[in-house]
Amino acid sequence: MTQEPQELPSTAYLVIQQGREAGKRLELCKDYTTIGRSRDCDIFLEDVTVHRKQASIVYTDAGFVLRDDHGSGDSIVNGRTIKEQLLNDGDQLLFGNTRLTFFAQEATRPIPFASSRGHELHLGRRTDLSAGIVARLELTNMRGGIQSFELQAETTIGRSRDCDIFLEDLAVSRLHAIIRQQPDDIYELADQHSATGTFVNGQPIIDCRLKEGDVVQIGANSFTFRLSRS
């Protein structure tokens, strides 16, 4: 009788780093997780350069171990081809053209909704917005509700509680990105050398001028940029 894979408490996950699914979080909830282009795999990668049965991640007493199941040298960790590798928090995995980051330990606590805990730093300070223009980021939560974060002249985003928009997600750097207001109601988003990158409309950016309706992806959080007149 075949034994079913053991269900594990969520202790690790992968985050896709590029493409239309950038920022997507893939939980490792079994003691044996398969990865590949076959839809029978636990983690399905829609990438023609990935093998149908590419690799597996096995939970051991030492931790999570990545095993190449194809033997073609197409499983890469931190730039090196592997056959079997114990994974550490922050390791960069590459299967075909699909790049992912491995996160472990407390990184897998359920992610609370984003909060604007840093905004108390701005109490009593008026936002310098010209001509009544209001800029904000909108985040749709898992219940379908929308959280709205009004942007300051400079708005910091990250995992530090000092940030204006605080994201409790270890896929997010402590200071991940900054949005600055420029003249003529222009807002520019700048990545702050983050570990997992900042994406706008699915594309990685270093800095970018934001337009109405742009989708900003930071870790597992997807925001929509809005401009309106007050």
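As the structure is a prediction and not an experimental result, all values here were calculated from the model.

Right, let's get into the overall build of the protein. When helices and strands are tallied, the protein shows zero helices and 22 strands. Classification of the 230 residues of the protein by burial places 47% in the buried group. Nonlocal contacts in the protein, meaning residues at least 24 apart in sequence, comprise 42% of its contacts between residues at least 6 apart. As presented, the protein carries roughly 12,500 Å² of accessible surface, and 47% of it is formed by carbon and sulfur atoms.

A word on the sheet that holds strand β14 (residues 154–158). Overall, mixed pairing links the five strands, which are arranged β15-β14-β16-β17-β20 in an open sheet. Where the open sheet ends on each side, the last strands, each with one partner, are β15 (165–166) and β20 (207–209). Examined bridge by bridge, strand β16 (residues 177–182) and strand β17 (residues 186–191) share six bridges and lie antiparallel to one another. Within β17, the position partnered with Ile-179 by the bridge is Leu-189.

Time to look at the confidence of the model for the protein. When the pLDDT values of the protein are averaged, the result is 81; 79% of them are 70 or greater. Below pLDDT 50 for its whole length, residues 106–113 participates in 22 contacts with residues either more than four positions away or in separate chains. A low-confidence stretch, residues 118–131 (pLDDT under 50), is modelled with 23 contacts involving residues beyond four sequence positions or located in other chains.

Glancing now at the sheet that holds strand β7 (residues 75–77). With antiparallel pairing, six strands are arranged side by side in an open sheet as β2-β1-β11-β10-β7-β8. Every other strand in the sheet has two partners, leaving β2 (25–27) and β8 (80–81) as the edge strands with one partner each. In this sheet, strand β11 (residues 98–104) lies alongside strand β10 (residues 92–95) in antiparallel orientation, the contact comprising four bridges. When the bridges of β11 are listed, Leu-94 appears paired with Arg-99.

The topology assignment puts Asp-47 in the loop between β4 (43–44) and β5 (55–60). Summary of buried charges: Asp-47 has no salt-bridge partner, and the nearest side chain of opposite charge, Arg-37, is 6.8 Å away. Polar contacts involving the side chain of Asp-47 include one to the main-chain amide nitrogen of Asn-97, which spans 3.0 Å. Discounting chain neighbours no more than four positions away, the residues touching Asp-47 are Arg-37, Phe-95, Gly-96, Asn-97 and Thr-98.

Time to look at the pattern of salt bridges. Throughout the structure, instances matching the rule amount to eight salt bridges. Note that Lys-30 is salt-bridged to Asp-42, the shortest N-O span being 2.9 Å. Of this pair, Lys-30 sits in the loop between β2 and β3 (32–36) while Asp-42 sits in the loop between β3 and β4, placing them twelve residues apart in sequence. A relative accessible area of 36% means that Asp-42 is categorised as partly exposed. Residue Lys-211 pairs with Asp-214 through a salt bridge whose shortest N-O separation is 3.8 Å. One salt-bridge network, in which partners are shared between bridges, spans Arg-136, Glu-138, Glu-212 and Arg-226.

Cut-offs and rules
- Residues numbered from 1 in each chain as written.
- Predicted model: local features only at pLDDT ≥ 70, side-chain atom pairs only at ≥ 80, totals over all residues.
- Heavy atoms only, no water.
- Helix = DSSP H or I, 4+ residues; strand = E, 2+ residues; numbered from the N terminus.
- Buried < 20%, exposed > 50% of the residue type's maximum accessible area, 1.4 Å probe, protein only.
- Contact = heavy atoms within 4.5 Å.
- Areas by Shrake-Rupley, 256 points an atom, 1.4 Å probe, with all protein chains shown as cover.
- Pairing = 2+ DSSP bridges.
- pLDDT = per-residue confidence, 0-100.
- Lys, Arg positive; Asp, Glu negative; His and termini not counted.
- Salt bridge = Lys/Arg side-chain N within 4 Å of Asp/Glu carboxyl O.
- Polar contact = N/O pair within 3.5 Å; in protein donor to acceptor, adjacent residues only side chain to side chain.

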